[in-house]
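# A look at the structure
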Amino acid sequence: MKIRLAKTAGFCMGVRRAVDMVLDLQRTKPPQPIVTYGPLIHNPQTLALLKTRGIKEVKCLDEISQGTVVIRAHGISPQERDILKSKGVGIIDATCPRVSRVQAVIKKYAAKGHFTVIVGDKDHPEVRGLMGFALAGGVIIPSVNNIPEDLPSDREICVVAQTTQEVAAFDQIVEQLRKINPNINVFNTICDSTRRRQIEVNRLANSVEMVVVVGGKGSGNTRRLAKVAESQGVKALHIETADELPANELADVNVVGVTAGASTPNWQIRRVIENLRQVGMRPGPLKTLRDISDTTIMTYCWAAAAGAGLTAACLRMQGLPAAVLPMMVSALFVFSMHLLNRIQERSGAVRFNTPDIAAFYVEHKKLLTGLGLSASIAALILSTQLGVISTLLLLAMMITGRLYTAPLPERFMPSLKWRSLKDLPGSKTPLVALGWATCAAALPVLGRPEIVGPHTAIAFLVAAGVVFWRTALSDLLDIQGDRIVGRETIPIIMGVKNTRKLLVAILIYLGCLIVLSVIFGLISGTGLILLINILVFAGFFIVYKKRHLVDRLMFEAIMDGNIIIAGLLSVFV
């Protein structure tokens with residue numbers, strides 16, 4: 001089965017902004033309790049996760065008397081806002097900027113005495129909020145068949161649309177309204193995200209046999225996506241979770257399209273894609289090969305090979321042969337540390353970012369723990385051949401790695417905010433980069449002080465930069481799940497845009513460092529091979545920017561495979 005994913009699937013700008021605002025608010029300890037007036041967004045699974053973070057929903061203004069109130073992404077009426085202000089509570093406005101624009105249009109023309117027509121669903125919270133701005137009178141029109149006969153013909157009319165309305169339906173209603181009263185001011189306030197999604201679903205439906213639409217059953221924009229797909233003569237399945245996928249209906253489908261509503265988080269889309277892949281993967285050599293490759297990546301065997309490859313590249317940059325012993329020590333260290341830490345955090349963000357991997361670790365916990373501990377012991381034994389200093393440093397790195405996820409008991413310093421090293425904001429990426437780079441560039445030569453020099457420092461910086469880049473991009477892909485569980489990674493601290501700028505800067509830094517070091521004879525000319533890998537990273541980054549939702553296992557395969565290739569080229573070129 002071929003799976004074609006819509007580029008615009010998942011959170012829109014307004015929804016992402018609202019979720020980020022409320023999670024950032026919860027992180028900064030505002031006046032308690034934190035409540036949202038109505039559901040923040042139309043996705044039951046996301047709302048349930050927010051509730052686990054202490055962010056509850058109230059349906060009535062009478063339930064609010066203290067704390068901080070978050071105004072939902074759909075916005076509220078000015079009358080409701082006045083009531084909130086009178087209660088003296090803290091107010092955080094998470095209204096989508098696109099909705100705020102519609103509110104401003106209605107308010108402006110209502111002040112001129114214009115009658116307001118809102119094209120949208122009568123029961124949708126956004127529309128109810130918009131009607132509160134129509135102080136000169138107004139009406140809601142859900143479809144072309146529901147245009148009232150008593151529309152004023154002697155007054156100017158302001159026509160707007162619910163931001164998630166169907167484009168074709170809005171155009172049809174406007175055409176009929178012009179026949180009733182040509183003196184109308186039309187504002188197509190359907191947001192660009194909604195318009196792009198509907199156009200894309202139209203195109204997608206023409207190239208697949210079935211379209212799966214993922215999103216809340218109460219989400220108007222999600223329902224419309226299914227409707228748009230069906231209008232092209234293609235069957236559309238509107239589901240909330242991967243568990244709702246009907247395997248029997250999908251068994252004979254060769255090409256399926258996947259899209260999602262504006263309130264659907266990435267982890268739900270990933271689960272659906274993974275389930276579709278399992279349904280569509282028929283027994284045979286290809287399935288066996290895919291299962292083997294997935295297991296290799298999930299258990300960090302592939303990352304271990306990347307650790308060995310990075311070590312080979314660092315040795316060659318220092319003018320040394322790519323010796324097997326230090327490559328094995330690096331491979332075993334990377335394998336054990338990543339594996340054991342993943343086992344420790346399997347109930348954290350991994351549940352949302354990579355649910356298939358989380359399930360794998362739960363099922364095979366004992367076996368994987370044994371493999372991880374055995375690899376640690378083997379790495380320490382082999383490191384004794386590199387010298388006492390290398391062994392002690394590796395032991396210190398292993399202890400730090402194990403302490404990274406180990407929580408400090410509550411009885412010790414109960415007021416301490418950070419209960420473990422992983423709670424330190426932004427700690428994950430630099431620590432991973434430091435560990436890999438130390439193993440790859442420093443451990444092999446520390447026992448031989450006569451060959452340590454500037455080339456060692458440069459090899460360390462290159463290795464650290466490569467691993468930092470790889471890990472920071474991984475954090476960008478996982479930002480939604482990390483936010484939900486409260487993990488403060490670099491993209492969450494710096495923001496997505498600034499992190500992207502940082503990644504571009506690192507690639508430029510790596511390229512310049514390698515080229516200049518070779519020119520000035522500080523490292524071996526073999527280091528120029530790494531420029532190929534930097535170009536591969538840059539290409540993947542461009543793909544990521546155009547299509548945010550990337551298959552996580554494929555990401556690991558490409559990123560670590562690129563480092564493995566660097567090692568192979570360093571050895572044989």
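Going by the structure above, here's the rest.
In short, a report on the structure. Note that the structure is a prediction, hence the values are computed from the model and not measured. As a convention, each chain's residues are numbered from 1 in the sequence order in which they are written. Per-residue local features of the predicted model are confined to residues with pLDDT of at least 70, and side-chain atom pairs are confined, for both listing and counting, to 80 or more; whole-chain, interface and lining totals are unaffected and use all residues. The side-chain quantities take in all heavy atoms of the structure and omit both hydrogens and water.

## As for a nonpolar patch on the surface
For clarity, the cut-off: Within this analysis, patches are made of residues with over 30% relative accessible area and no salt bridge. Like charges are joined at 9 Å or less; nonpolar side chains (Val, Leu, Ile, Met, Phe, Trp, Tyr) at 5 Å or less. Every accessible area reported is derived by Shrake-Rupley at a probe size of 1.4 Å, with residue values counting cover from the shown protein chains alone. The rule for a salt bridge is simple: a side-chain nitrogen of Lys or Arg has to be within 4 Å of a carboxyl oxygen of Asp or Glu. Here a strand is any run of E in DSSP of at least two residues, a helix any run of H or I of at least four, and the numbering for each starts at the N terminus. Under the scheme applied here, a residue whose accessible area is under 20% of the maximum for its type counts as buried, over 50% as exposed, and between as partly exposed, the area being computed with a 1.4 Å probe on protein chains only.
Among the surface-exposed residues, V515, L516, I519, F520, L522 and L528 lie close enough to one another that they form a single nonpolar patch of about 560 Å² accessible area. Relative to the elements of secondary structure, L516 occurs in helix α22 (residues 496-519). A relative accessible area of 46% means that L516 is categorised as partly exposed.

## Notes on the packing of aromatic side chains
The condition that has to hold: Stacked, tilted and edge-to-face pairs are distinguished by plane angle, under 30 degrees for stacked and over 60 for edge-to-face with tilted covering the rest, among Phe, Tyr and Trp rings (Trp via its six-membered ring) whose centres lie within 6.5 Å.
If you walk through the whole model with that rule in mind, you get 5 aromatic pairs. Arranged with centres 5.1 Å apart and planes meeting at 50°, the rings of Y109 and F187 form a pair that is tilted. Within this pair, whereas Y109 is found in helix α4 (residues 97-110), its partner F187 is found in the loop between β9 (184-186) and α7 (192-205), the two being separated by 78 residues in sequence. Side by side, Y109 and F187 carry an identical accessibility label, which is buried. Within the aromatic cluster, the residues linked to one another by ring pairs are W469, F537 and F541.

## Let's talk about the sheet that holds strand β11 (residues 235-239)
Let me state the cut-off plainly: Pairing between strands is defined by DSSP: at least two bridges between them are needed. The convention used is that axes are lines fitted to C-alpha atoms, helices contributing only their stretch in contact, and that angles between N-to-C directions extend from 0 to 180 degrees. Contacts are residue-level and defined by heavy atoms, with any inter-residue pair within 4.5 Å sufficient.
The 4 strands are arranged β1-β12-β10-β11 in an open sheet whose pairing can be described as parallel. Edge strands, defined here as strands with exactly one partner in the open sheet, are β1 (2-5) and β11. Taken over all neighbouring pairs, the strand axes of this sheet differ in orientation by 25° on average, direction set aside. Contacts from α7 reach β1, β10 (210-214) and β12 (255-260), with the element oriented near 170° to β12. Contacts between helix α8 (residues 220-231) and the sheet are confined to β10, β11 and β12, with β11 contributing the most and set at about 165° to the helix.

## Description of the state of the cysteines
Note the cut-off: By definition, disulfides here are pairs of cysteine sulfur atoms that lie within 2.5 Å.
Inspection of the entire model under this criterion finds 0 disulfides. Of all cysteine sulfurs in the structure, the one in C96 sits closest to C12, which takes part in no disulfide; the separation is 5.8 Å.

## Remarks on the nonpolar core
For the record, the criterion: Here the nonpolar core consists of buried residues drawn from Ala, Val, Leu, Ile, Met, Phe, Trp, Tyr and Cys, with membership extended through side-chain atoms lying within 4.5 Å.
Core analysis: the largest hydrophobic core is formed by 74 residues, its most contacted members being W436, V462, W469 and L473. Apart from the residues within four sequence positions on either side, V462 is in contact with M317, L510, L513, I514 and L530.

## Things to note about the pairing of β11
Each regular strand displays side chains that alternate between the two surfaces of the sheet. Defined as follows: The handedness rule is simple: strands pointing away from the viewer, and a clockwise path from the first strand over the helix to the second, make the crossover right-handed.
Counting buried residues in β11 gives 4 out of 5 residues, a clear majority hidden from the surface. Note that β10 and β11 share 5 bridges and pair parallel. Residue pairing in the sheet places V212 in a bridge with L237 of β11. Crossover connection from β10 via α8 to parallel β11: handedness right-handed.

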